[in-house]
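Single-letter residue listing:
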Amino acid sequence: MHTWLDGHPAGPAPTPGPAPTSGLGPTSGPGPALGAAPALAATPSSGADPLPGPGPGPGFPERTALLRILKLSEEVGEVAEAVIGAYGHNPRKGASHTWDDVRAELCDVIITAMIALRTLTPDAPAVFAAHLTHVHTRSR
């Protein structure tokens, strides 16, 4: 079991899952994409700490989880930028994006969220499925 920076338990350290045999499609569900998360979430090959200063380096699960969650915020910002560009509301750039760009950025958000979830739990497909069931039940 590993802990967050504040010392609270964060669950068991993630373990690699099996490689997916197919991509995420309309009937395949999130399982294959979540299974690919360990490969997509691989840490940089260099041993250098990308964030110099005190504290744990990239070998520490707390920092890895935190950075992947922060990456999600970055991706959401890219969706906002694409929407502004699709409406042409950037005074400097005008119509800089298309709605296809917005859809692609939304897909990046989903992928990044799945990687963050996989970083926090080795059983990400089950956690995601249980949450979908909860949301579906609640929305009735």
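Thresholds, definitions, all that
- Residues numbered from 1 in each chain as written.
- Predicted model: local features only at pLDDT ≥ 70, side-chain atom pairs only at ≥ 80, totals over all residues.
- Heavy atoms only, no water.
- Helix = DSSP H or I, 4+ residues; strand = E, 2+ residues; numbered from the N terminus.
- Expected span 1.5 Å × (residues − 1).
- Buried < 20%, exposed > 50% of the residue type's maximum accessible area, 1.4 Å probe, protein only.
- Contact = heavy atoms within 4.5 Å.
- Patch = residues over 30% accessible without salt bridge, like charges linked within 9 Å, V, L, I, M, F, W, Y side chains within 5 Å.
- Areas by Shrake-Rupley, 256 points an atom, 1.4 Å probe, with all protein chains shown as cover.
- Salt bridge = Lys/Arg side-chain N within 4 Å of Asp/Glu carboxyl O.
- pLDDT = per-residue confidence, 0-100.
- Axes fitted to C-alpha atoms, helices over the stretch in contact; angles between N-to-C directions.
- Parallel < 35°, antiparallel > 145°, perpendicular 65-115°, else oblique.
- Nonpolar A, V, L, I, M, F, W, Y, C, P; charged D, E, K, R; others polar.
- Phe/Tyr/Trp six-rings, centres within 6.5 Å; stacked < 30°, edge-to-face > 60°.

## Considerations on helix α2 (residues 61-87)
In a regular helix each residue adds 1.5 Å, so 27 residues correspond to 39 Å; α2 covers 40 Å between its end C-alpha atoms and thus fits that length. Every buried residue of α2 is listed here: E62, R63, T64, A65, R68, E75, V79, A82, G85 and A86. Turning to α2, the residues buried within the fold contact α3 (99-120). Of the residues trailing α2, G88 is marked for its positive phi of about 75°.

## Considering a nonpolar patch on the surface
Residues L66, L67 and L70 make up a contiguous nonpolar surface patch of about 240 Å² in total accessible area. Residue position: L66 is located in helix α2. Judged by relative accessible area, which is 39%, L66 ranks as partly exposed.

## What to know about the confidence of the model for the protein
On average, residues of the protein carry a pLDDT of 73, and 57% of them reach 70 or more. Predicted confidence for residues 1-28 stays below pLDDT 50, and this span has 47 contacts to residues more than four positions away or in other chains. Counting contacts from residues 42-56, a segment whose pLDDT is below 50, to residues more than four positions away or on other chains yields 14 contacts.

## Brief notes about the packing of α2 against α3
The geometry of α2 relative to α3 is characterised by a closest axis approach of 9 Å and an angle of 170° between their N-to-C directions. Here α2 is positioned roughly antiparallel relative to α3, judged by the angle of their axes. Taken together, the residues of the contact of α2 with α3 break down into 17 nonpolar, 3 polar and 7 charged.

## Quick word on the packing of aromatic side chains
Tallied over the full model, the rule gives 1 aromatic pair. A ring pair is formed by Y87 and W99, whose centres lie 5.3 Å apart and whose planes are at 90°; its orientation type is edge-to-face. Pair noted here: Y87 is in helix α2 and W99 is in helix α3, with a separation of 12 residues, a long-range link. By relative accessible area, which is 39% here, W99 ends up partly exposed.

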